[in-house]
2 protein chains.
Amino acid sequence: MSVPRGPARIEINEVAPRDGLQIEPVVVPTDAKVAFLDALSACGFARIEATSFTSAKAIPALADAEAVMHRMRRLAGVRYTALVPNLRGMERALSCRPDELNLVMSASETHNRANLRMTRAQSQAQLLAMIEVAGAAGVPVNVSLSTVFGCPFEGEVEADAVMALAGAFAKAGAAGITLCDTTGMAYPSQVAALCQRFRQSLPQAGLTIHLHNTRGMGLANALAAWQAGVTRFDAAAGGLGGCPFAPGASGNVGTEELVHMFEAMGVDTGVDLGRLLGVVAGLPALVGRDIASQLLRAGPRLRTHQPPAWLAAHFAGQG
Amino acid sequence: MSVPRGPARIEINEVAPRDGLQIEPVVVPTDAKVAFLDALSACGFARIEATSFTSAKAIPALADAEAVMHRMRRLAGVRYTALVPNLRGMERALSCRPDELNLVMSASETHNRANLRMTRAQSQAQLLAMIEVAGAAGVPVNVSLSTVFGCPFEGEVEADAVMALAGAFAKAGAAGITLCDTTGMAYPSQVAALCQRFRQSLPQAGLTIHLHNTRGMGLANALAAWQAGVTRFDAAAGGLGGCPFAPGASGNVGTEELVHMFEAMGVDTGVDLGRLLGVVAGLPALVGRDIASQLLRAGPRLRTHQPPAWLAAHFAGQG
């Protein structure tokens, strides 16, 4: 049996500043957020999701969205995106000159209601209206579809329902669609099948995959997506993030572990792993807790160790 | 691009009783070890590595190897194996009627010296002598080759050196060879390439792959090995295990996460996941510490949750 290689180059969208910090129990001060973003900017990401223009009541941790967008330093070559949940958020975001906006709804009815307090039909109508407004403002829009590989309330989610939503948004002018494994229910053959179907049905709709490591399959699913031809990956430094509706759910796939795997395989991610690990090393201080990064603990695979001190003497004179 | 499926059925060798317990700081009482083994036997594993016949001085935690082998209940259909480091250990093991014996040496010189206090040449000669003794006793032998995907002291390990060792042991009559990623340095394309080469060069030498999750790639590497046709996997319940020479190295790939992934993909592992998760839930009490099993925390992917209590009232009367 042959094991296929995927694309020679992938792009990473770093989502920790939004998807990670929104769920942390601590509110990170604006200065620290800006420093975090500036440090990430220097790592070589294609995209960085900087913040979310949601209500301060819903997510107090990101109440400083405008200040963050205005104060962060923008590097050429990096696209700075922001999540916008509704038209009010979109107005606020557009005043901050985003390179792109990210809209979100769920593929499953119950998760959409629980997460967004709207039916799927209501969310879809609202997102279509938002795509029109963004289009008039000349800002490209990406739509992130949550729970496409499974819903923590409903279980399996039909691929037909996912593709119908993706098709509707692509037709309406969305520049990209993200398939999100919101609570880590995806498995590799499922990821490969849905990504292949998406790329065949909607070859023009820029596909991104968003994976969680909740059940340990984050990198296995990334491998399957890459083998299926996917070139754009969401990831969060340090594996920050999670989902409030899935008890025990750990966070996003860790950017440093994703970069480490793909770079080991000779895939160009554009990201400077050493620099990124420096940023990840600062995360416990930023969020006030230990983080789950195994790579941070173990180091890159070729960082070698000293043999035990007794070894040289023990084998003195031997071959 | 197409994403290949691997074999429809795989076999799992559960190594936690040996590879896990040998490195735990607590010495698990014999009664508890026997209960652990009996619980594992009921899960449906093809093989269980029950203990190691090493010196009590080197590994006090496994000093009760004979008692464990005699007292555990053997289920038909399960092959009970034991690790033996030398001829003295093999004599002890053979008195306990093992179904198979597992020998070990490293593919890299420095790791072999540090771990076994012998040169590779010394280890190879000793293992060849042991294969002869076991053959005379009619007990099949498996040879586990450590550090085949990288050495924590030397870095990259040449595939040619690995294949030369594997070929020598296969020729000498070893019934199986295990390629071990001792400190989690393997990456998927490397795993696939070495497994493909092994299966082409040594189609009769039963290949097992032994993976660690040190850098988050455990299941990604398992996926790649499966795609390359591998049917036999080592794994440790709860992800127990590790390597004393690789600081920060976490344990073996967790059996429950390996089973969960492959069963989700429709691959028959023979293992009852629910029963196994029950055993894993008891591990913190057994080893006196938290364990790293993400699947134990999150539950299988289709274990759904109740929606928030406010949801029904909020959407009363809506579609």
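All values reported here derive from a predicted model rather than from experimental measurement.

Colleague: Mind showing me how you'd approach the sheet that holds strand β4 (residues 100-106) of chain B here?
Modeller: Within a beta sheet, neighbouring strands are joined by backbone hydrogen bonds and run either parallel or antiparallel to one another. All names here are of chain B. Here 8 strands make up a closed barrel; going around it, the order is β1-β2-β3-β4-β5-β6-β7-β8 and the pairing parallel. Along the sheet, successive strands turn relative to each other by an average axial angle of 25°, direction set aside. Here 4 bridges tie strand β1 (residues 11-14) to strand β8 (residues 232-235), and the two strands are oriented parallel to one another. Bridge assignment links Glu 11 to a residue of β8, and that residue is Arg 232. Against the sheet, helix α2 (residues 30-41) engages β1, β2 (47-52) and β3 (79-83), with an angle of about 165° to β2.

Colleague: Hey, could you run me through the relation of the copies chain A and chain B in this one?
Modeller: Mapping one chain copy onto the other needs a rotation about an axis and a shift along that axis. When chain A is fitted onto chain B, the two copies agree to an RMSD of 0.0 Å after a turn of 180° and an axial shift of 0.0 Å. Such a turn and shift between the copies fits a two-fold axis. Taking C-alpha positions as the reference, the residue of chain A nearest the rotation axis is Ala 220 of chain A, at 1.8 Å. In this assembly the copies share their binding face: 100% of the residues contributing to the interface of chain A also contribute to that of chain B.

Colleague: Even after reading the chapter, I still don't get the side chain of Ser 146 of chain B, so can you show me in this structure?
Modeller: Tracing the sequence through the fold places Ser 146 of chain B in strand β5 (residues 141-146). Once residues within four sequence positions are removed from consideration, Ser 146 of chain B is found in contact with Val 104, Met 105, Ser 106, Ala 107, His 111, Cys 180 and Thr 182 of chain B.

Colleague: I would appreciate a short explanation of the environment of Val 78 of chain A in the present structure.
Modeller: Residues and elements named next belong to chain A. With respect to the helices and strands, Val 78 occurs in the loop between α3 (65-71) and β3 (79-83). Residue classification places Val 78 among the buried residues on the basis of a relative accessible area of 9%. Sequence separation between Val 78 and Phe 233 is 155 residues, and the spatial gap between their C-alpha atoms is 15 Å. Setting aside chain neighbours within four positions, we find Val 78 in contact with Ser 41, Phe 45, Ala 46, Arg 47, Ile 48 and Asp 99.

Colleague: Please clarify how the interface of chain A and chain B should be interpreted in this entry.
Modeller: Often, the extent of an interface is quoted as the loss of accessible area on bringing the components together. Contacts between chain A and chain B engage 70 residues on the former and 70 residues on the latter. Here chain A and chain B share an interface that buries about 5700 Å² over both sides, 60% of which is from carbon and sulfur atoms. Where chain A packs against chain B, one counts 2 salt bridges. Joining chain A to chain B, the criterion identifies 15 residue pairs in polar contact (both at pLDDT 80 or more). Contributions of two or more residues to the side of chain A that touches chain B are made by α5 (109-116), α8 (188-201), α9 (218-227), α10 (255-264), α13 (294-298) and α14 (310-314) of chain A. Ranked by residues supplied to the side of chain A that touches chain B, first place goes to α9 of chain A with 6 residues. Looking at the side of chain A that touches chain B residue by residue, the class counts come to 36 nonpolar, 25 polar and 9 charged.

Cut-offs applied
- Residues numbered from 1 in each chain as written.
- Chains lettered and ligands numbered in written order.
- Predicted model: local features only at pLDDT ≥ 70, side-chain atom pairs only at ≥ 80, totals over all residues.
- Heavy atoms only, no water.
- Pairing = 2+ DSSP bridges.
- Helix = DSSP H or I, 4+ residues; strand = E, 2+ residues; numbered from the N terminus.
- Axes fitted to C-alpha atoms, helices over the stretch in contact; angles between N-to-C directions.
- Contact = heavy atoms within 4.5 Å.
- Least-squares fit on C-alpha atoms with pLDDT ≥ 70 in both.
- Buried < 20%, exposed > 50% of the residue type's maximum accessible area, 1.4 Å probe, protein only.
- Buried area = accessible area lost by both parts, 1.4 Å probe.
- Salt bridge = Lys/Arg side-chain N within 4 Å of Asp/Glu carboxyl O.
- Polar contact = N/O pair within 3.5 Å; in protein donor to acceptor, adjacent residues only side chain to side chain.
- Nonpolar A, V, L, I, M, F, W, Y, C, P; charged D, E, K, R; others polar.

Limitation: the analysis is restricted to geometry and does not speak to function.
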